[in-house]
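Structural characterization, general
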4 protein chains.
Amino acid sequence: MNRYRVLIDANDEKGLVHKVSTVFYNNGLNILSNSEFVDKENDKFFMRSVVDGDIELDILKKSLLDVLPKSATIQVILPKKKNIVLMVTKEMHALGDILIRHESGELEANILAVISNYDKLESLVSKFNIPYVTVSHEGLERTEHEDKILECLSNYKDIDYIVLAKYMRILTPKFIEAYNDKIINIHHSFLPAFIGANPYKQAYERGVKIIGATSHFVNNNLDEGPIIEQEIIHVNHSYGWRDMQKSGRDAEKMVLSRALKLALEDRIFVYANKTVIF
Amino acid sequence: MNRYRVLIDANDEKGLVHKVSTVFYNNGLNILSNSEFVDKENDKFFMRSVVDGDIELDILKKSLLDVLPKSATIQVILPKKKNIVLMVTKEMHALGDILIRHESGELEANILAVISNYDKLESLVSKFNIPYVTVSHEGLERTEHEDKILECLSNYKDIDYIVLAKYMRILTPKFIEAYNDKIINIHHSFLPAFIGANPYKQAYERGVKIIGATSHFVNNNLDEGPIIEQEIIHVNHSYGWRDMQKSGRDAEKMVLSRALKLALEDRIFVYANKTVIF
Amino acid sequence: MNRYRVLIDANDEKGLVHKVSTVFYNNGLNILSNSEFVDKENDKFFMRSVVDGDIELDILKKSLLDVLPKSATIQVILPKKKNIVLMVTKEMHALGDILIRHESGELEANILAVISNYDKLESLVSKFNIPYVTVSHEGLERTEHEDKILECLSNYKDIDYIVLAKYMRILTPKFIEAYNDKIINIHHSFLPAFIGANPYKQAYERGVKIIGATSHFVNNNLDEGPIIEQEIIHVNHSYGWRDMQKSGRDAEKMVLSRALKLALEDRIFVYANKTVIF
Amino acid sequence: MNRYRVLIDANDEKGLVHKVSTVFYNNGLNILSNSEFVDKENDKFFMRSVVDGDIELDILKKSLLDVLPKSATIQVILPKKKNIVLMVTKEMHALGDILIRHESGELEANILAVISNYDKLESLVSKFNIPYVTVSHEGLERTEHEDKILECLSNYKDIDYIVLAKYMRILTPKFIEAYNDKIINIHHSFLPAFIGANPYKQAYERGVKIIGATSHFVNNNLDEGPIIEQEIIHVNHSYGWRDMQKSGRDAEKMVLSRALKLALEDRIFVYANKTVIF
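Here is what the cut-offs are and how they apply
Residues numbered from 1 in each chain as written. Chains lettered and ligands numbered in written order. Predicted model: local features only at pLDDT ≥ 70, side-chain atom pairs only at ≥ 80, totals over all residues. Heavy atoms only, no water. Helix = DSSP H or I, 4+ residues; strand = E, 2+ residues; numbered from the N terminus. Rg over C-alpha atoms; globule rule 2.2 N^0.38 Å. Contact = heavy atoms within 4.5 Å. Buried area = accessible area lost by both parts, 1.4 Å probe. Salt bridge = Lys/Arg side-chain N within 4 Å of Asp/Glu carboxyl O. Polar contact = N/O pair within 3.5 Å; in protein donor to acceptor, adjacent residues only side chain to side chain. Domains from an automatic or database assignment. Nonpolar A, V, L, I, M, F, W, Y, C, P; charged D, E, K, R; others polar. Least-squares fit on C-alpha atoms with pLDDT ≥ 70 in both. Axes fitted to C-alpha atoms, helices over the stretch in contact; angles between N-to-C directions. Left-handed = near helix turned anticlockwise from the far one by under 90°. Expected span 1.5 Å × (residues − 1). Buried < 20%, exposed > 50% of the residue type's maximum accessible area, 1.4 Å probe, protein only. Arc of directions from axis to C-beta. Phe/Tyr/Trp six-rings, centres within 6.5 Å; stacked < 30°, edge-to-face > 60°. Lys NZ or Arg CZ within 6 Å of the ring centre and 35° of its normal. Pairing = 2+ DSSP bridges.

**Digging into the overall build of chain A**
Across its full length, chain A carries 8 helices and 13 strands. Radius of gyration (C-alpha) of chain A: 21 Å, near the 19 Å computed for a compact globule of 278 residues. When the backbone C-alpha atoms are referred to their principal axes, chain A occupies close to 60 × 40 × 35 Å. Long-range contacts, defined as pairs at least 24 residues apart, comprise 67% of the intrachain contacts of chain A with a sequence gap of at least 6.

Below, the structure written as structure tokens:
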């Protein structure tokens, strides 16, 4: 018996739930969980089901294709560990949180490698027997540097997600297109507030009473990709910007770990620069 | 064309979603939203759908009865204002919040009356042209007092919910049975901590760093009914118990208003002394 | 015996706490609470004390003036109800929350009047025997309209705060200067995100997972005044912008009521477009 | 020039701030921060100051002793890394969070050792070159087992804090007295709810909508010591108790790390089974 995650999106029309559930029923599949959402503004239907049963993946997919409209995108996924590569710069908190979760076995992922533009975190990563690759940007044009990273990434097959765990350099469209919808980032602010450099300093200057962090997919516009998770921490006048930065790290690692977990469990649809999350 | 809320619970078995969605499809109904949950521990299935279409309520209900197992409970509800009675003692915040929401039109409810064991809040309630009935408990046994309230309630037909908006007296089983699953209460603590009298004083004595409030249905055991909503507020050593009480009022009115809204929108299933909320 | 709130800010220098506490001690005053903060970036000292004792307000103020440096601003305040005027447009939730808190006696304030550019909320306000003045903006230039409001305000002596409880028109610099540091506003977003019109629609378009509200003093730049309080509410993909708006109202009324309470208790210093709050 | 943390508690009386600040002033000390609190119920005064200046620790302490009443407890502390020992059982999340914070240098602490009743976490701890001591409880009476741990602890000089990072065995009064006010624990619930074994299962059975975690000092009564920090996570009907447990781990590690940070920075007073935290 197999367990599948079935993710369907389609232009909305009457009968979609009926059609899908009939396929499940006729194939003797048991529904363990089922979530649906219709985006009325865009007449778009989203459905995620987890089903158990005695059927081949391809047959299930074909059965769904046969009854669903042409607009439908259908994913039938056999849950297994996904392959991820982490990219970092110098800060340890988000990386460390993922390494510990990985070590404890709670992450449905294989960490293929950690890539950084500095060697600072190598000693931490190597403790966990995970390859660490330093690709320094010293003396390189942005595109030259990225080409070296892309080359490095090309050594790893079947990368499901690239996780920017405080990688502090801007990616070019070329890089992003190469891993479209596969790059997860944390921005260290409550987006869309404080886009750009040193958001904690901006937040401090503005005198905010709450700081935040946002995990999101990366698209062509810096800090403007589809948001996955946001979390906040209350602050007050006694916080300088470095205090905000320190406190903010707890929010940062939280939103990144939650986003990664959602992605690994195939719970996220990306649509219209937003996410639908079940 | 009508809009219905359909609430179904049943012992879990294969094909329930298929059966329900087939009924919807065959009757030309459009699903606006759909939520399902299976309580695996108890093998219990819950489903709430909102559907639009050209069908009589009774026919829809019968169509569902025809295909669903005997264990199923089926509610087909035409959304309309529900009838509620509020019960209060002396505190104004939770009552006031409901009165303002009612006045603004955001509440899907008619407030039939406010009943209190004191006349203190009459001047507020009468501003809103809502009947206020004082049923003093002075000199009465608990059951005598309740009988008078029950008599008073018997003047109002089709009460959907009785909302205890800081009604500070314990209800007897007789009263509760008369309005089974229809009485919503706020307890001024994060249940099950600080059951019983003066929870803020208990919380202060214990030196907690968070205070809370809980809205719940009332059953035979005081403060032990199915929980609907909980909210908390951070406090610190500078809060005396009266400060906690004052801050706690904001949490109290929030959880009560949210619970009432969920009840009025038919979003709550009660099962095994818990709630399933869609 | 009197109770005073003493608020001091000054350029920071060694010995300020010593000097102030010596004045208190020599005058036989008992310190009930005491808070200090030094803004190291600007070398600015802030102190708020509550003291009890047998001394005249003017003598206490003079004693402090005698020992403190010239840069010091000293306020000695006898706690009493402050005079406030509310300004609203059409929405009831923030106004209603203040009216109920006022009615319950928890607000240290007299509400002198409610001014609106519509008559929609008159029926609510008049229930509470508070004057309601409609100053329509129909057919008027912005400055003409504001002049009429200023004229209306001039009828009320000793206004301590003007509270914009969802007043949906932009104020001109002239108006703001007339009530400098006395105007408290709610912005219906987590500032500085979504400045300007219809922030909930902006938030929806951006696909945020958290919405917020901000209370702040009003200065010349719209939505850029010193922030007093911020609060957030978690949302998800199922929220349309009107759902965000509805949920956001709870955050809006919360941040406004908390800001008003802080102002009425003389707990806020405004400095460098920020607030220091004790 | 030295920097000191000065912590004073005393029976409240007029002039305490004056006396302390006069000592600081007369000795040319600069106050960097200052916090006071008076517990009116118990007439108890608490003050924590951070001061800079050119004075010996003993002289500062003596100067304060000379002016303060006999009831005063005075601590003058030169900030430096404190010595801590961690105790764990099998779960990795809280331990891992502390190890990463330690590795990143953000913790003002030396981790002398990790002691466990199982060897399960040895491979993690040894990556960080920190001694790991397994003291199995197999076949031992509780007191025998504890004596072995006490013996093991006696190898480490000047232990400031013992941190129970999910150490799942109950400590006896003998052990607790040996390290009075030095043992910090996490309880995996929002105390005082769900005292005792498997609180997540209790929480699930009760149908709560919020789960929590509490960090506290350990005293003789299990789970009843002075609370340091509490945090919560919202849950819903779809969470089984193991889901609650998984989500709860994030709250657990957060409250423990925050409590540890507060302790290392000498910000906590313990009094009347509560904490005053500056």
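**What to know about the interface of chain B and chain D**
In this complex, chain B contributes 33 residues to the contact, which on the side of chain D involves 33 residues. Considering only the side of chain B, the residues that lose the most area to chain D are B:Arg206, B:Lys209 and B:His237, jointly responsible for 25% of the buried surface there. At the junction of chain B and chain D, the tally comes to 0 salt bridges. Remark: the boundary between chain B and chain D carries 16 residue pairs in polar contact (both at pLDDT 80 or more). Among the elements of the structure, strand S2 (30-39), helix H7 (199-206), strand S11 (227-234) and strand S13 (274-277) of chain B are those that each provide at least two residues to the side of chain B that touches chain D. For the side of chain B that touches chain D, the leading source of residues is S11(B), giving 7 residues.

**Some details on the domain arrangement of chain A**
All names here are of chain A. The domains assigned to chain A are domain 1 (2-77) and domain 2 (82-277). Roughly 930 Å² of surface becomes buried between domain 1 and domain 2 when both sides are summed, with 62% attributable to carbon and sulfur atoms. The residue Glu108 makes a salt bridge to Arg5 at a minimum N-O spacing of 3.3 Å. Across the domain 1-domain 2 interface, the total number found is 5 residue pairs in polar contact (both at pLDDT 80 or more). A class-by-class count of the residues in the side of domain 1 that touches domain 2 yields 6 nonpolar, 1 polar and 5 charged.

**Concerning the relation of the copies chain C and chain A**
Superposing chain C onto chain A takes a rotation of 180 degrees combined with a translation of 0.0 Å along the rotation axis, leaving an RMSD of 0.0 Å. Expressed as a symmetry operation, the mapping of one chain copy onto the other fits a two-fold axis. No C-alpha of chain C approaches the rotation axis more nearly than that of C:Ala193, which lies at 2.3 Å.

**Topic: the packing of helix H1 (residues 16-26) of chain C against helix H1 (residues 16-26) of chain D**
The axes of two packed helices give the description: the angle between them and the distance between them. Look at H1(C) against H1(D): their axes get within 8 Å of each other, and the N-to-C directions meet at 145 degrees. In the crossing of H1(C) with H1(D), the sense of the turn from one axis to the other is left-handed. Residues C:Val17, C:His18, C:Lys19, C:Ser21, C:Thr22 and C:Tyr25 of H1(C) pack against D:Val17, D:His18, D:Lys19, D:Ser21, D:Thr22 and D:Tyr25 of H1(D). Residues that form the contact of H1(C) with H1(D) fall into these classes: 4 nonpolar, 6 polar and 2 charged.

**Focus: helix H5 (residues 142-153) of chain A**
All names here are of chain A. Taking 1.5 Å of rise per residue, the 12 residues of H5 would be expected to cover 16 Å, and the 16 Å separating its terminal C-alpha atoms lies within 8% of that figure. For H5, the full list of buried residues reads His145, Glu146, Ile149, Leu150, Cys152 and Leu153. Across the axial projection of H5, the buried residues extend over an arc of 155 degrees, all falling on one side. Lining the buried residues of H5 we find strand S5 (82-88), strand S6 (109-116), strand S7 (132-134), strand S8 (161-164) and helix H6 (173-178).

**Notes on helix H3 (residues 93-103) of chain D**
Residues and elements named next belong to chain D. Here H3 lies mainly inside the structure; 9 of its 11 residues are buried. Regarding H3, the residues found buried are His93, Ala94, Leu95, Gly96, Asp97, Ile98, Leu99, Ile100 and Arg101. Immediately beyond the C-terminal end of H3, within one or two residues, lies Gly105, with a positive phi of roughly 85 degrees.

**Things to note about the packing of aromatic side chains**
Here the structure, examined in full by the defined rule, presents 24 aromatic pairs over all chains. With a centroid separation of 5.9 Å and an interplanar angle of 85 degrees, the aromatic rings of B:Phe269 and B:Phe278 are classed as edge-to-face. One exposure class covers both B:Phe269 and B:Phe278, and it is buried. Ring pairing ties together the aromatic residues A:Phe37, A:Phe46, A:Phe269, A:Tyr271 and A:Phe278, which thus form one cluster. One Lys or Arg, B:Lys274, reaches over the ring of D:Tyr204 and ends 3.3 Å from the middle of that ring.

**A word on unusual backbone geometry**
With a phi close to 55 degrees, B:Asn129 is a non-glycine residue in the positive phi region. Take B:Asn129: it is sitting in the loop between helix H4 (122-127) and strand S7 (132-134). B:Asn129 gets classed as exposed once you look at its relative accessible area, which sits at 68%. In this structure, C:Asp266 takes a positive phi of about 55 degrees despite not being glycine. By secondary structure assignment, the location of C:Asp266 is in the loop between helix H8 (241-264) and strand S12 (268-271). Judged by relative accessible area, which is 9%, C:Asp266 ranks as buried.

**Here we look at the interface of chain C and chain A**
Across the boundary between the two partners, chain C contributes 33 residues, which contact 33 residues of chain A. Buried area between chain C and chain A, summed over both chains or domains, comes out near 2,800 Å², and the portion from carbon and sulfur atoms is 57%. It is C:Arg206, C:Lys209 and C:His237 that lose the most area in chain C upon contact with chain A, and together they represent 25% of the buried surface on that side. Counting across the chain C and chain A interface gives 15 residue pairs in polar contact (both at pLDDT 80 or more). Among the secondary structure elements, those contributing two or more residues to the side of chain C that touches chain A are strand S2 (30-39), helix H7 (199-206), strand S11 (227-234) and strand S13 (274-277) of chain C. Ranked by residue count, the leading element in the side of chain C that touches chain A is S11(C), at 7 residues. Considered class by class, the residues forming the side of chain C that touches chain A number 15 nonpolar, 8 polar and 10 charged.

**Concerning the side chain of A:Glu91**
All names here are of chain A. Relative to the assigned elements, Glu91 resides in the loop between S5 and helix H3 (93-104). Reaching out from Glu91, the side chain makes a polar contact with the side chain of Arg249 at a distance of 3.0 Å. Those residues in contact with Glu91, other than ones at most four positions away along the chain, are Leu121, Lys166, Met168 and Arg249.

**Considering the sheet that holds S6(A)**
Residue and element names in this part refer to chain A. In spatial order, the strands read S7-S6-S5-S8-S9-S10-S11; together these 7 strands make up an open sheet with mixed pairing. Strands at the two margins of the open sheet, each flanked by one partner only, are S7 and strand S11 (227-234). Mean inter-strand twist for the sheet, computed between neighbouring axes without regard to direction, equals 20 degrees. Sitting on the sheet, H3 touches S5, S6, S8 and strand S9 (183-187), and the angle it makes with S6 is about 155 degrees.

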